[in-house]
Protein chains: 2
Amino acid sequence: MKKSDKISWSGCPVRYAAGVFGDKWCFVLLRDILLHGKRYYGEFAASEEGISTNILADRLSRLEGDDMLTRHVDPNKRSKVFYLPTRKARALLPAFLGMMVWSTEFDDKTAAPASFAKAFRENPKAAIAWYEAEIDRVNAGLELSS
Amino acid sequence: MKKSDKISWSGCPVRYAAGVFGDKWCFVLLRDILLHGKRYYGEFAASEEGISTNILADRLSRLEGDDMLTRHVDPNKRSKVFYLPTRKARALLPAFLGMMVWSTEFDDKTAAPASFAKAFRENPKAAIAWYEAEIDRVNAGLELSS
DNA sequence: ATTTTCACTTGCAATTTGAAAGCACCCGGC
DNA sequence: GCCGGGTGCTTTCAAATTGCAAGTGAAAAT
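Note that this is a predicted model, so its numbers are computed, not measured.

(A) Local environment of the overall build of chain A. A tally of helices and strands in chain A yields nine helices and two strands. Mapped in sequence order, the helices and strands of chain A form the string α-α-α-α-α-β-β-α-α-α-α. Taken over the C-alpha trace, chain A has a radius of gyration of 16 Å; the compact-globule value for 146 residues is 15 Å, and the two agree within 12%. Judged by the C-alpha coordinates and their principal axes, chain A covers about 45 × 45 × 25 Å. Burial statistics for chain A: of 146 residues in total, 50% are counted as buried.

Now the structure itself:
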């Protein structure tokens, strides 16, 4: 907390965003939560990118501290833990999908189908709503039991 | 380049984006270039956040390598250097402005005027076009002499 | 009771960062 | 030409962060 004395990483919108998720691993965690329906610690740990567990724990608690995630012990199996995206995290969807459209245009090795970018460009609100609904669907399966 | 052996940071759109600009300092450099009309090395170095020059040089060359910036020696004063955003960098504007809207909503210390978020939400294309025009305006003053 | 699953934590080497100093080139005066 | 300052990096080195591997403790499963 030395740096935040001199210049706080908020105020400027870009700086604030950088402070909250301007980091490789936060990107992939948010992707897993917002786009891939992952919720459990074990699911994050198993992601293709191979995050190590100390970093994973650190980023999860940071995101929790920044009010992006909430931590929950699974009531059906109390040795497991899941994380739910907050409204704040979900509100990132539009920007996130915008980034993805950008990637599909400029990464020549992109694995995303062209249909995604097309759909988003033609009707961004509908695309966002679709992902929102997916998030709700996944959450529903967890929130019921808690 | 060890990590890129195992999993290349492309393919997945989010991972690709994270690889190119998923870093605090890339965020603020892109902000300075896309939004604040900065072009010269000295201008970046003087930014409020106080980036140190080794990191600055590293990020500039990385962004150049990722085809986000092009480096130019100022023909009027050949000891100075400026960087121009590529089409690829400019294409990030929509996602970037989306992020800024998000920040203005969730950073309670935000310094951005509410009018910005409002304007973007009401007419995103117009807001983007306005920033595009600004970029062209700034570039025009440099490209003429080169 | 014992083993296994799970979510972390710890230890430690390696990479990255950051502050400061150094270096090389250009430019303007003299 | 030569000197002094401006400019864009590069180097140095300590400090912070990362990443791998092993460890821990609580809960389930056997």
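(B) Representation of the relation of the copies chain B and chain A in the model. Take chain B, turn it by 180°, move it 0.0 Å along the axis, and it overlays chain A with an RMSD of 0.0 Å. In the structure described here, the two chain copies are related by an operation that fits a two-fold rotation axis. Both copies present the same face, since 100% of the interface residues in chain B are matched by interface residues at the equivalent positions in chain A.

(C) Molecular detail of unusual backbone geometry. Residues and elements named next belong to chain A. Not every positive phi belongs to a glycine, and D67 is a case in point at roughly 65°. Structurally, D67 is set in the loop between α5 (53-65) and β1 (69-73). Judged by relative accessible area, which is 44%, D67 ranks as partly exposed.

(D) Spatial organisation of the protein's contact with DNA strand C. For DNA strand C, the set of nearby residues contains 21 residues, the closest of which are T53(A), R71(A), Y83(A), N54(B) and R78(B). Backbone atoms, meaning sugar and phosphate, form 62% of the atoms of DNA strand C found within 4 Å of the protein. R78(B) has a polar backbone atom sitting 2.4 Å from a phosphate oxygen of DNA strand C. Those elements that place two or more of their residues in the surface near DNA strand C are α4 (41-45), α5 and β2 (81-85) of chain A together with α5 (53-65) of chain B. At four residues, the largest contribution of residues to the surface near DNA strand C is made by α5(B). Taken together, the residues of the surface near DNA strand C break down into six nonpolar, eight polar and seven charged.

(E) Representation of the nonpolar core in the model. Ranked by size, the top nonpolar core spans 90 residues in total, and within it F21(A) and F21(B) carry the most contacts. Here F21(B) is in contact with F27(A), M99(A), W102(A), C26(B), F27(B), L30(B) and L92(B), once residues within four sequence places are set aside.

(F) How the structure looks around helix α3 (residues 24-34) of chain B. All names here are of chain B. Of all 11 residues that make up α3, 10 are buried, and the element is covered over most of its length. Where α3 is concerned, the buried positions are W25, C26, F27, V28, L29, L30, R31, D32, I33 and L34. Taking the backbone nitrogen of W25 as reference, a side-chain oxygen 2.8 Å away marks D23 as the first, capping residue of α3.

(G) Fine view of helix α8 (residues 114-122) of chain B. Residues and elements named next belong to chain B. Within the sequence span of α8, burial applies to F116, A117 and F120. Looking straight down α8, one finds its buried side chains confined to an arc of 95°; they lie on one side. Of the residues in α8, the exposed ones pointing more than 90 degrees away from the buried face are A114, S115, K118 and E122. Contact partners of the buried residues in α8: α7 (93-106) and α9 (124-143).

(H) Looking closely at the pattern of salt bridges. A complete count under the given rule lists 28 salt bridges over all chains for this structure. Across the salt bridge formed by R59(A) and D58(A), the nearest N and O atoms sit 2.6 Å from each other. Here D58(A) falls in the partly exposed class, since its relative accessible area comes to 30%. We note a salt bridge from K38(B) to D32(B), for which the minimum N-O separation is 3.8 Å. The exposure classification of K38(B) matches that of D32(B), with both residues buried. Connected via shared salt-bridge partners are R15(A), R31(B), D32(B), K38(B), E48(B) and E49(B).

(I) Geometry of the interface of chain B and chain A. Listed as interface residues are 43 residues of chain B and, on the opposing side, 43 residues of chain A. Linking chain B with chain A are six salt bridges, by the criterion used here. On the surface where chain B and chain A come into contact, there are 14 residue pairs in polar contact (both at pLDDT 80 or more). When contributions to the side of chain B that touches chain A are tallied by element, the ones reaching two or more residues are α2 (13-21), α3, α6 (87-90) and α7 of chain B. In terms of residue count, α7(B) provides more of the side of chain B that touches chain A than any other element does, 10 residues in total.

What counts as what
- Starting from 1, residues in each chain are numbered consecutively following that chain's sequence as written.
- For this description, chains carry letters from A and ligands carry numbers from 1, given in the order in which they are written.
- Side-chain atom pairs in this predicted model are given and counted only at pLDDT of 80 or more, local residue features only at pLDDT of at least 70, and totals for whole chains, interfaces and linings cover all residues.
- With hydrogens and water excluded, all non-hydrogen atoms of the structure serve as input to the side-chain values.
- Secondary structure elements are defined from DSSP: runs of H or I of at least 4 residues count as helices, runs of E of at least 2 residues count as strands, and each element is numbered from the N terminus.
- What the globule rule says is 2.2 Å times the number of residues to the power 0.38, and the radius of gyration is computed from C-alpha atoms.
- Only protein chains enter the accessibility calculation, which uses a 1.4 Å probe; a residue is then buried when its area is under 20% of its type maximum, exposed when over 50%, and partly exposed in between.
- When the copies are overlaid, the least-squares fit takes in C-alpha atoms only where the residue has pLDDT of at least 70 in both copies.
- We call two residues in contact when some of their heavy atoms are within 4.5 Å.
- Put simply, a residue is near a molecule or strand once any heavy atom of it comes within 4 Å of that molecule or strand.
- Nitrogen and oxygen atoms within 3.5 Å of one another constitute a polar contact, given that in protein one can donate a hydrogen and the other can accept it, and given that sequence-neighbouring residues count only through two side-chain atoms.
- Each residue gets one label: Ala, Val, Leu, Ile, Met, Phe, Trp, Tyr, Cys and Pro are nonpolar, Asp, Glu, Lys and Arg are charged, and the others, such as Gly, are polar.
- By convention a nonpolar core is built from buried Ala, Val, Leu, Ile, Met, Phe, Trp, Tyr and Cys residues, the set being connected through side-chain atoms within 4.5 Å.
- Directions drawn from the helix axis to the C-beta atoms are what define this arc.
- Put simply, a salt bridge is a Lys or Arg side-chain nitrogen that is within 4 Å of an Asp or Glu carboxyl oxygen.

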